[in-house]
Amino acid sequence: MDTMEAIKSRHSVRRFADRPVEEEKLLQVLDAARQAPSWANLQCVRFIVVKDSAAKRRISELSYVDSFFAARGYKTNPSQVALAEAPLVIVACALPNQSGDIRGQQYYMTDVGLAAENLLLAAHNLGLGSVFVSIFEEKPLAELLDVPAYISIVGLFPLGYPLHEVSGVTPRKPLKETVFYDKWQG
Ligand SMILES: Cc1cc2nc3c(=O)[nH]c(=O)nc-3n(C[C@H](O)[C@H](O)[C@H](O)COP(=O)(O)O)c2cc1C
């Protein structure tokens, strides 16, 4: 698939078919994520691939954060089913002290974001689907996966074959609302 076509046709996938992901395709997705740019090329991002069904169910439970969702009237995280249903979940972690910390901005989040987009596009290119899940209870998740306290867990990516054909993509603001020339025009 052409790069622009992949960018324009990618969309979040939250329901998965009961079909495993071939190891070769998983490795291609992880390799694409690994190739992302990073602060000073320090490559602070790490991935944990979770295939165990009980662990995925627990991850799914941990993606419902009461203080976030109940306050907004949601009974589930929109991706809660996806985390249990997908044949695997990629857990994206980062070493915050191996990235930039400038003007109070922690660039390990950016590093993970760039890896995430590569991951999502590579998955889409291979006929797979995924979604960036950022809302979860980090402490119990870290305990479940033996992640030490100095590592930050930034995102969860259920990965699998989409259950449905999705027609159309999520709308975006038009370019004229998001791009200014020469000066800020707010
Ligand atoms: C940083 C980030 C965090 C996100 N967290 C969640 C999440 O916790 N749960 C969820 O269902 N979707 C989550 N999403 C997915 C967005 O809702 C989705 O990308 C957006 O609505 C645009 O839709 P699209 O990906 O289909 O283009 C997240 C996306 C990003 C970039």
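In this report, the structure presented in the accompanying data block is examined. These figures come from a predicted structure and were not determined experimentally.

Definitions and limits used
Numbering of residues starts from 1 in each chain and follows the order in which that chain's sequence is written. Per-residue local features are limited, in this predicted model, to residues with pLDDT of at least 70; the limit for side-chain atom pairs, both in listing and counting, is 80 or more; totals at the level of whole chains, interfaces and linings are taken over all residues. DSSP-based pairing: two strands are paired if at least 2 bridges between them are found. Helix and strand definitions follow DSSP, with helices as H or I runs of at least four residues and strands as E runs of at least two, each counted in order from the N terminus. Using a C-beta atom placed from the backbone for every residue, we mark a residue as near a molecule or strand if that atom lies within 6 Å of it. Residues are sorted three ways: Asp, Glu, Lys and Arg are charged, Ala, Val, Leu, Ile, Met, Phe, Trp, Tyr, Cys and Pro are nonpolar, and all the rest, Gly among them, are polar. Each residue is classified by how many other C-beta atoms fall within 10 Å of its C-beta atom, where C-beta atoms are placed from the backbone; a count of 20 or more means buried, 12 or fewer means exposed, and values in between mean partly exposed. By arc we mean the arc of the directions from the helix axis to the C-beta atoms, nothing more. With C-beta atoms placed from the backbone, a contact is any residue pair whose C-beta atoms sit within 7 Å. Note on definitions: angles span 0 to 180 degrees between N-to-C directions of axes, and those axes are lines fitted to C-alpha atoms, for helices only across the stretch in contact. What sets the label is the angle itself: under 35 degrees gives roughly parallel, over 145 gives roughly antiparallel, 65 to 115 gives roughly perpendicular, and the rest give oblique. Note on convention: the crossing is left-handed when the near helix lies turned anticlockwise from the far helix by less than a right angle, right-handed when the turn is clockwise.

**Some points on the sheet that holds strand E6 (residues 152-160)**
One open sheet accounts for four strands, arranged E1-E2-E6-E5; its pairing is antiparallel. What marks the edges here is a single partner per strand, and that holds for strand E1 (45-50) and strand E5 (129-130). Pairing between E1 and strand E2 (residues 88-94): six bridges, direction antiparallel. The residue of E2 that forms the bridge with Val50 is Val89.

**A look at the site of the ligand**
In the region of the ligand, the neighbouring residues are His11, Ser12, Asn77, Pro78, Ser79, Val131, Phe132, Val133, Ser134, Ile135, Val169 and Thr170. The class makeup of the residues in the shell around the ligand is six nonpolar, six polar and no charged.

**Re helix H3 (residues 53-62)**
Turning to H3, its buried residues number three or more, namely Lys56, Ile59, Ser60 and Leu62. An end-on view of H3 places all buried positions within 165 degrees of arc, on one side of the element. Across H3 from its buried face, at more than 90 degrees, point the exposed residues Ser53 and Ala54. Among the structural elements, E1, helix H5 (80-85), E2, helix H7 (138-145) and E6 are those in contact with the buried residues of H3.

**Comments concerning the packing of H3 against H7**
Interaxial distance between H3 and H7 falls to 10 Å at its minimum, and their mutual angle equals 170 degrees. The angle between H3 and H7 places the two elements in the roughly antiparallel class. On the side of H3, the interface is formed by Ala55, Arg58, Ile59 and Leu62, while H7 contributes Pro140, Leu141 and Leu144. Taken together, the residues of the contact of H3 with H7 sort by class into six nonpolar, no polar and one charged.

**Brief notes about the packing of helix H2 (residues 23-34) against helix H6 (residues 108-125)**
Packing of H2 against H6 brings their axes to within 7 Å, and their N-to-C directions diverge by 150 degrees. By the criterion of interaxial angle, the relationship of H2 to H6 is roughly antiparallel. Taken as a pair, H2 and H6 cross one another with a handedness that is right-handed. Listed contacts from H6 to Gln28, Val29, Ala32 and Ala33 of H2 are Ala115, Asn118, Leu119, Ala122 and Ala123. Taken together, the residues that form the contact of H2 with H6 break down as seven nonpolar, two polar and no charged.

**Notes on the pairing of E6**
Across the nine residues that make up E6, a large majority, eight, are buried. Judged from the seven bridges that link them, E2 and E6 form a sheet pairing that is antiparallel. Within E6, the residue paired with Val89 across the bridge is Pro158. Where E5 lies against E6, two bridges are found, and the strand directions are antiparallel. The partner of Gly129 across the bridge, within E6, is Gly160.

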